[in-house]
Each structure stands twice: as structure tokens, then as C-alpha cells.
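Summary of structural features
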Amino acid sequence: MAEFANASHEVINVTLGTTLAATTKLVMPTPAKPILPVQTGVQAQQEEQSSGMTIFFSLLVLAICIILVHLLIKYRLHFLPESVAVVSLGIIMGAFIKIIEAQKLANWKEEEMFRPNMFFLLLLPPIIFESGYSLHKGNFFQNIGSITLFSVFGTAISAFIVGGGIYFLGQADVIYKLNMTDSFAFGSLISAVDPVATIAIFNALNVDPVLNMLVFGESILNDAVSIVLTNTAEGLTRENMSDVSGWQTFLQALGYFLKMFFGSAALGTLTGLISALVLKHIDLRKTPSLEFGMMIIFAYLPYGLAEGISLSGIMAILFSGIVMSHYTHHNLSPVTQILMQQTLRTVAFMCETCVFAFLGLSIFSFPHKFEMSFVIWCIVLVLFGRAVNIFPLSYLLNFFRDHKITPKMMFIMWFSGLRGAIPYALSLHLGLEPIEKRQLIGTTTIIIVLFTVLLLGGGTMPLIRLIDIEDSKARKRNKKDVNLSKTEKMGNTIESEHLSELTEEEYEAQYIKRQDLKGFMWLDAKYLNPFFTRRLTQEDLHHGRIQMKTLTNKWYEEVRQGPSGSEDDEQELL
């Protein structure tokens, strides 16, 4: 009897143990993320000191660059793009620091190293958001088909030509051998053109506004597409693709790209629309500080959310900027509208300047692997890929466009495809193994960026004078200089379309009754804009004008009461 009881007890224990194990297996939570070690004591103090010196060094470099840009504006060196000047200054500073380190007077190696995470988390989002926020939406939406063709298909064509060329040249033992995914990753990152230099060239040429928007919109979307393509290649590299055919790899890459592109764009658009509804129905116009704070939160919100759910934060923040500028901005008070424009421009300028300065410094701060044949063939493939992107697509678009793209404009578009901050940061962000491969990609990217910025950017003005003869004569008659300074132009203008305050009657007269609106423009004017933006009453307009007048009068009184303020000075200024 006792043996039977013991046997029964053992069976019950085994059964319970099996059941508990199965139940535990079913309800077992996913393993928690490892908690990063918290630095304390001396280690934390050393880390704090190192971070403090890095911040000091970055701000010092930025201050010197701002003084340089000021001198360019003061002495009217308008023919020199600011990006070229800042990169050149970074090279000089890097050489000076290298001499100091060689003499063992100081060691700035850690401070002058550019961290890719800092670029993607802090520097790039304001640049992309401001570019989307400052778009002239009318021309952008009217040309959305052409812009999408250039930015998506054009960038993909360039990436495949550069990546495919590098892969096949490597297989033929002409250059350093890279596998397919690494070649495509490099082709994707090097296909991002620099919109700052490009749009400065077209502003200097006084081109047709539609063509200007075509290139500007393409160059902005091109950055986001290039980042998504590079992330796609990195995703394929991280997975084991040895047992997958080439066609399956292509389909998997296409699916990943479409998910990243459309998912991120939808997330950014949704965030922008939510911000418009929030600021439409929650009236913060009488407290500009709260209103401005809410705008800053919504500006960065889609980036963090998209990155957190494995989408592209850059694509999300770009579309969020476009939507917030089109809808949310018109729900703001006049004070916050102006404050938002100037703040975004200032922050974007500082971020761009910081990246170009560190690009120059990187020549001396990173270990390099230089191969002449690899560099030369990459430059040839980059120029050829840009040509295959621009010329065929432009000829194709001319069949469907009223504003034709002339051969002269095509050539300038090809010539102005400068590479800038994004390829440089993406090359540092690639996790390639072995280390010599990463160094080769980084070194080659820096050389291509410097080649395009210094040689092509520096040759912009001679090209304008050589090709654009008629416009040059017109400028001489009008006594206008060709100005490549983006900072000076942005500082002297306020976007008029960003300061519009319309009542219901004025909006209906200006948009609803227009007969030339078609497609999305008609849908937007008829339904979307009235739903997402506030139609102001005469009382709201009156309060906004009083608010602006009060601030202006207060500032004016403080200026007049200053130590050097006098009515004689006032008359001299007038």
C-alpha cells in the first residue's frame, strides 16, 4: 500500500512538473533587454569630463565657422559656397591639431572624433525637418510626380549603377573586392546629393520656380531615400542570405524598402495631421511659449517613434515637416510663426556647419585605407550614375510637362549633384567587417565628398559664367551679384506664405472659387485645409496684430532707452 502511495505521489509530481513546465513555456515572457552598466564614482567623473571637453570643442569649432561665414558675407565673397569654406576651414584646423599632437602639446583625438550616433540623433533631424518645413508647398504638390520619379527611381538607378559597378569590377580583380550587399550599401549611401549646395546654385541662376522646386524637392527626398536604401542593404547584410537566390534577395530588399518608405512616410504624415488638430482645437495662441514648446515636441516626436519601431526616422520627420508646415503652421499665432521659422533656420544652419567642419577634420582624425584604383573608379561611377539618373528621366518627364527641362538645365543639374554630410555619416555608421573594409569605405567616401564639394562646388561660379551668358548680362544691367550664400538669403527673408492669416470669407475667395485647381490641390483646398486649419475671426486677427505691435513697441522702446540710443541716431538710420 505504501509503495502504491509513493508511486502515485511520484506520478503526480511528474505530471505536475510537466504541466508547470508546459505552462511556463507558454506564458514565459520575452527575455528582458540587458540593462546597460551604470557608471559611478571615478569612471562617471572621467566620462563627464570627456563629454564636457567634446561639447566645448564642438562649440569652439562652430563659433570659428560662424565667424568665417560672417566674413564671407561682410566682404561679399558670394561666389564661394559656405559648405566649401567650412570644409576648407575644417581641413586647416585638423592639420593644426595634428601638429599640436605631434609636438605632444595636447591630445584632442577623442574630442575631434565624429560620432555617427550624434549625427543621426542630434544633427540630422533638424536639417531634414527644416528642409521639409521650408518647402513652397504649392509647387511641391503640383510637381509631386516628377519629384518622386527623380528621388526614388533616380536614386535607385544611381545606387544600382555605383553598387553594381563596384561589385563587378571587384569580381574582375580591377579594384578591392566587395560582396554584393556591401557594394549596394556603398552605392546607396554615396547617391545622397547635398540640397544646400544644389539649391544655392539654382537660386544664383534665377531659374524658373518650378524647375527650382523640382531639383529642391528631389534633393530633399533623395536624402531620405538614400538612407532607407542603405538601411535595406545593412538589413540584408545582418541576415544570413547564403541559401537565398538572387531573385528572392531582390524581392526581400524591395519589400523591406517599401515598408520603410511608405510606413515611415505614413507615420510622419499622421503625426503632422495630429499636431494640426491639437493646435486647432487647443488654443495656445495667447501663450506663445507653450505654443512654441508644443511645436518643438511634435517636430521631434515622429523621429523617436519611427526609430523605436524600426522604421526610418528621417523619412518620418521629413513628411512630418511638410505636413506641419502646410497645416499646423497656420494654426499658430504670428509671433510663433516667425519664431518657428527663424529657430529652425538657425538650428539647421548650426547643424550643417558642424557636420561640414567635422568632415574637414576627419581627414586627420580617422585611420584611413587609401586605394587609388578604388577611389578613381568610384568617382567615375558616381558621375556616370548621376548622368544616367538625370538625362534619361528628364527627357522622359518632358513628354508630360508644360515646363520643359532644357539640355542646359540638365547639365547643371548633373554638375550640381554634390555629396555632403549624409554620405559621410552613413559611411561611419556601416558595420562592415573586417575593419580594413570599413576604413576603405570611409576614406573613399570622404575623398568623393571633398572632390564634389571643393572641385565641383568651387567650379560652380565659372560654370554659371560660361553657360548662363544671357542671365549674366541681365544681372550686370540690374547690378545684381550672383549670391551663393544661403545664410544671407535666409536671414533677409521671411516666407510670406508662412504668415498668411485668412478669415473664412478671405479663404473662400482666394482658394475655393478658383477654377484652375485640380487633383490634390482641389481636394486640399476644398476639404483638407478647412478641416485641419483654423479659420480666424476678425477678433482673432485683431488680437494677433495687437500682440505683434506690443512686442515691436516694447523692443523699440528698449532700444531707444539704451545707452547709445538717441533721436539723432534714429534720424541717421532713417
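Scoring rules and cut-offs
Residues numbered from 1 in each chain as written. Predicted model: local features only at pLDDT ≥ 70, side-chain atom pairs only at ≥ 80, totals over all residues. Heavy atoms only, no water. Helix = DSSP H or I, 4+ residues; strand = E, 2+ residues; numbered from the N terminus. Contact = heavy atoms within 4.5 Å. Areas by Shrake-Rupley, 256 points an atom, 1.4 Å probe, with all protein chains shown as cover. Salt bridge = Lys/Arg side-chain N within 4 Å of Asp/Glu carboxyl O. Buried < 20%, exposed > 50% of the residue type's maximum accessible area, 1.4 Å probe, protein only. Core = buried A, V, L, I, M, F, W, Y, C linked by side-chain atoms within 4.5 Å. Patch = residues over 30% accessible without salt bridge, like charges linked within 9 Å, V, L, I, M, F, W, Y side chains within 5 Å. Phe/Tyr/Trp six-rings, centres within 6.5 Å; stacked < 30°, edge-to-face > 60°. Lys NZ or Arg CZ within 6 Å of the ring centre and 35° of its normal. Axes fitted to C-alpha atoms, helices over the stretch in contact; angles between N-to-C directions. Parallel < 35°, antiparallel > 145°, perpendicular 65-115°, else oblique. Left-handed = near helix turned anticlockwise from the far one by under 90°. pLDDT = per-residue confidence, 0-100.

We now examine the overall build of the protein. A tally of helices and strands in the protein yields 25 helices and 0 strands. The contacts of the protein with a sequence gap of at least 6 include a subset with a gap of at least 24, amounting to 82%. Element-wise, carbon and sulfur atoms account for 66% of the exposed surface of the protein, whose accessible area totals about 29,800 Å².

A few words now on the pattern of salt bridges. Tallied over the full model, the rule gives 3 salt bridges. Its salt-bridge partner being K177, residue D173 comes within 3.8 Å of it at the nearest N-O pair. Here D173 falls in the exposed class, since its relative accessible area comes to 60%. Since its relative accessible area comes to 46%, K177 is described here as partly exposed.

On to the nonpolar core, then. In terms of nonpolar packing, the biggest core is built from 107 residues, with F119, I166 and F374 touching the most fellow members. Counting residues per element, this core draws most heavily on helix α10 (residues 209-238), at 12 residues. If you look at the next biggest cluster of nonpolar residues, it comprises 5 residues, including F415, L418, L456 and L463.

With that out of the way, let us pick up the environment of G385. Mapping G385 onto the fold places it in helix α15 (residues 372-398). We classify G385 as buried; its relative accessible area is 0%. Along the sequence, G385 and G165 sit 220 residues apart, while their C-alpha atoms lie 9.8 Å from each other. If sequence neighbours within four positions are ignored, G385 has contacts with S158 and I161.

The next thing to look at is a nonpolar patch on the surface. A cluster of nonpolar side chains, F160, W247, F250, L251, L254, L258 and F262, forms an exposed patch at the surface whose accessible area comes to about 720 Å². Counting residues per element, the nonpolar patch draws most heavily on helix α11 (residues 246-281), which supplies 6 residues. For F160, the location among the structural elements is in helix α7 (residues 144-171).

With that settled, the discussion passes to the packing of aromatic side chains. Counting across every chain of the model gives 11 aromatic pairs. For the pair F160 and F184, a centre-to-centre distance of 5.2 Å together with 35° between the ring planes defines the contact as tilted. Of this pair, F160 sits in helix α7 while F184 is found in helix α8 (residues 180-189), placing the two residues 24 residues apart along the sequence. You can call F160 partly exposed: its relative accessible area is 45%. Relative to Y303, the ring of Y300 lies with its centre 5.6 Å away and its plane at 45°, an arrangement referred to as tilted. On the criterion of helical spacing, the pair formed by Y300 and Y303 is a turn pair, its members being 3 residues apart in helix α12 (residues 288-308). The buried category is assigned to Y303, whose relative accessible area is 3%. Positioned over the ring face of F531 is K280, at 5.8 Å from the centre of the ring.

At their nearest, the axes of α7 and α15 sit 9 Å apart, and the two run at 150° to each other. Regarding the angle of α7 to α15, the classification is roughly antiparallel. Both α7 and α15 take part in a crossing whose hand is right-handed.

Mean pLDDT over the protein works out to 75, with 68% of the residues at or above the 70 mark. Within the protein, α12 carries the highest mean pLDDT (92), whereas helix α1 (residues 2-27) carries the lowest (47). Throughout residues 503-509 the model reports pLDDT below 50, and contacts reaching past four residues in sequence, or to other chains, amount to 16 contacts.

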